[in-house]
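# Coordinates in review
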Amino acid sequence: MSRFERKRTIFRNKDALGESYQPPEIEERDEEIAAYTDALQPVVDGWEPNNIFIYGNTGVGKTAVTEYLLEELQTDIERYDDVDLSVISINCKTLNSSYQVAVRLVNELRPSGSEISSTGYPQQTVFSKLYDELDAIGGTILIVLDEIDSIGDRDELLYELPRARSNGYLETTRVGVIGISNDFKFREQLDPRVQDTLCERELQFPPYDAAELGNILASRADIAIADDAYENGVLELCAALAARDSGSARQALDLLRLAGEIAESTDADSIREDHVEAARSKLEQERVEEGMRELTTHGRLTLLAVISKAAKDETPCRTREIYQEYLDLCESSETDSLAQRSVYNHLSDLRMLGILSAAENRSGSRGNYYSYSLNVPFTSAIEAMADVLYLDREIKVIRDIADMNDIS
Ligand SMILES: Nc1ncnc2c1ncn2[C@@H]1O[C@H](COP(=O)(O)OP(=O)(O)OP(=O)(O)O)[C@@H](O)[C@H]1O
């Protein structure tokens, strides 16, 4: 028997559950699509395009809907000879200033071999090069800037680009910017003049609920999963778990894909609910581990202090109690401890990462305070910690206490 053999019992087209797959149909976004279509109408009519700003949490279809609609727009517009549309899409994730975004755009537009270097020019020179490239193309150009918040406060390009024509930098070309972001604060932080232009049309994409995620999963499962290869209730469970956590279609699809992989690797004939549960705890653990990789030693010790309180069944608990636990851990691991204020900051970071949750309590004259709990299952948290912290003795004690208290 050969070592590698094809397994196709579970998946018909596994790529259809992957990140780069563009679904042929978009489910559950009719209202957003209608508003988006309306915002794009001037392109069809041959007028100056609107600048559009799309925002919403991660995984709610901002990119998928944009790609889908722009493809339809490009097809439909072929009927009109007097409109010449080009679309340039870039992801700004690794580009954290106007300068870098402008360089990337210039290089996207230039033939290979004549790209410009990413350093060494005055910003206005790069902008002028960009205008030259845009003017050379002519017609209408839509520039999609995904994860636009990465640009930070060096956002001059977002002010200049939409005004380039009225300021005489562009003669023949009409430019529209489509900015996409999952950072709600970004819009507020923009220079008001940038806000006015960039957010000419704003579209918010809300998180999906369980029923919507169920429909998205059902239509994707038709393409991705073999006939009869998932049991009743599996899609609903993936949808419910993702809806409860984030409302993200990406999370729901990831759960289904991983559940399928687990079913496949255990030679099951179909995906069952226990595969979904296993996938959930694996993904959760990955999320905790990913968050923890970013933490400093003291961030990890702070988290371990909360885990230790959870093992004793003493969460939610206040900063001061967590701090005491942290001091004990520092002492037993012979690590110099930080002041309470710093531990407080670590608790906030852990909360931002979604590893901890915090409830605000009112305590009358002494003001409000937070009580913290783990926001992930105890087992995922302690296992992830065991992988990154070399505190075998302390971790074993915490596990024993958790066993005694039936915490899992
Ligand atoms: N309404 C939908 N119908 C079908 N598939 C969807 C829908 N919404 C999202 N998806 C799928 O979910 C995944 C995540 O969607 P997408 O990348 O569009 O999210 P996003 O809002 O752009 O997230 P981020 O802010 O993280 O980039 C993709 O695989 C996409 O195909």
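Residues numbered from 1 in each chain as written. Predicted model: local features only at pLDDT ≥ 70, side-chain atom pairs only at ≥ 80, totals over all residues.

### A short note on the environment of Ser-371
One can find Ser-371 in strand β8 (residues 368-374). Ser-371 sits 84 residues away from Arg-287 along the chain, and the two C-alpha atoms are 22 Å apart. Look past the residues within four positions of Ser-371 in its chain and what remains in contact with it is Pro-316, Cys-317, Arg-318, Ala-358, Ala-359 and Asn-361. (Helix = DSSP H or I, 4+ residues; strand = E, 2+ residues; numbered from the N terminus. Contact = placed C-beta atoms within 7 Å.)

### A short note on the nonpolar core
One finds Ala-102, Cys-238, Ala-252 and Leu-255 to be the most contacted residues of the largest nonpolar core, which totals 76 residues. Here this core takes nine residues from helix α10 (residues 249-265), the largest share from any one element. The residues that make up this core include at least three from each of domain 1 (30-204) and domain 2 (208-290). Setting aside residues up to four positions removed in sequence, Leu-255 forms contacts with Cys-238, Leu-241, Ala-242, Val-276, Ala-279, Arg-280 and Leu-283. Formed by 29 residues, the second largest nonpolar core is a distinct cluster that contains Ile-307, Tyr-323, Ile-355 and Ala-384. (Core = buried A, V, L, I, M, F, W, Y, C linked by C-beta atoms within 7 Å. Buried ≥ 20, exposed ≤ 12 C-beta atoms within 10 Å, placed from the backbone. Domains from an automatic or database assignment.)

### Notes on unusual backbone geometry
A cis amide bond, omega 0 degrees, links Thr-315 with the succeeding residue Pro-316. As for its placement among the helices and strands, Pro-316 is situated in the loop between α12 (297-311) and β6 (317-318). Although it is not a glycine, Glu-28 adopts a positive phi angle of roughly 65 degrees. Among the structural elements, Glu-28 can be located in the segment before α1 (30-45).

### Quick word on the sheet that holds β6
Sheet architecture is open: three strands sit in the order β6-β8-β7, paired in antiparallel fashion. Strand pairing shows two members of the sheet lacking a second neighbour, β6 and β7 (356-362), which therefore form its edges. Sheet topology note: the β6/β8 ladder contains two bridges and is antiparallel. Along β8, the bridge assignment pairs Cys-317 with Tyr-372. (Pairing = 2+ DSSP bridges.)

### Remarks on helix α9 (residues 234-245)
Here α9 contains twelve residues, and its C-alpha end-to-end distance of 17 Å stays within 8% of the 16 Å for a straight helix at 1.5 Å per residue. Buried residues of α9: Val-234, Leu-235, Leu-237, Cys-238, Ala-239, Leu-241, Ala-242 and Ala-243, and no others. Contacts made by the buried residues of α9 are with α8 (210-224), α10 and α11 (273-293). A positive backbone phi angle near 70 degrees is found at Gly-247, which sits one or two residues after α9. (Expected span 1.5 Å × (residues − 1).)

### Side note on the domain arrangement of the protein chain
Put simply, an interface is often sized by how much accessible area is lost when its parts join up. Annotation of the protein chain at the domain level lists domain 1 (30-204), domain 2 (208-290) and domain 3 (295-404). Inter-centroid distance (C-alpha atoms) of domain 1 to domain 2 is 34 Å. Contacts between the two partners involve five residues from domain 1 and, on the opposite side, seven residues from domain 2. Each residue belonging to the side of domain 1 that touches domain 2 can be placed in one class, and the counts come to one nonpolar, four polar and no charged. (Nonpolar A, V, L, I, M, F, W, Y, C, P; charged D, E, K, R; others polar.)

### Things to note about α1
Spacing of three or four residues puts side chains on the same side of an α-helix, whose turn is 3.6 residues. Taking 1.5 Å per residue, 16 residues should reach 22 Å; α1 reaches 22 Å between its end C-alpha atoms and fits that length. Ala-39 marks the point of greatest bend in α1, at about 35 degrees, and the proline Pro-42 comes within the next four residues. For α1, the set of buried residues is Glu-32, Tyr-36, Ala-39, Leu-40 and Val-43. Looking at the buried residues of α1, the elements they touch are β1 (52-55), α2 (62-77), β2 (85-91), β3 (140-146) and β5 (201-204). Just past α1, the residue Gly-46 takes up positive phi, approximately 85 degrees. (Bend = angle between axes of the 7 residues up to and from the residue.)

### Brief notes about the sheet that holds β3
To summarise the sheet geometry, strands pair through backbone hydrogen bonds and adopt either a parallel or an antiparallel arrangement. Sheet architecture is open: five strands sit in the order β2-β3-β4-β1-β5, paired in parallel fashion. Among the strands making up the open sheet, the edge pair consists of β2 and β5. Within this sheet the neighbouring strands show an average axis-to-axis angle of 15 degrees, counted without direction. The sheet contact formed by β1 and β5 spans four bridges and is parallel. Its bridge partner lying in β5, Ile-54 is registered against Leu-203. (Axes fitted to C-alpha atoms, helices over the stretch in contact; angles between N-to-C directions.)

### Regarding the site of the ligand
Around the ligand lies a shell of 19 residues, among which Thr-58, Gly-61, Thr-63, Ala-64 and Ala-249 are the nearest. Among the domains, domain 1 (30-204) and domain 2 (208-290) are the pair contributing at least three residues each to the shell around the ligand. (Near = placed C-beta within 6 Å.)

### Examining the UniProt feature "binding site: ATP" (unreviewed entry) in the protein chain
Under the local residue numbering, the UniProt record ascribes the feature "binding site: ATP" (unreviewed entry) to Val-60, Gly-61, Lys-62, Thr-63, Ala-64, Tyr-208 and Arg-220. Following the sequence through the fold, Thr-63 ends up in helix α2. Using a count of 19 C-beta atoms within 10 Å as the deciding quantity, one classes Thr-63 as partly exposed. With sequence-adjacent residues up to four places away left out, Thr-63 is seen in contact with Asp-146 and Ile-180. One can find Ala-64 in helix α2. The exposure class of Ala-64 is partly exposed, given the 18 C-beta atoms found within 10 Å. Filtering out sequence-adjacent residues up to four positions away, Ala-64 remains in contact with Pro-23 and Ile-26. (UniProt positions renumbered as here; feature names shortened; annotations may be inferred.)

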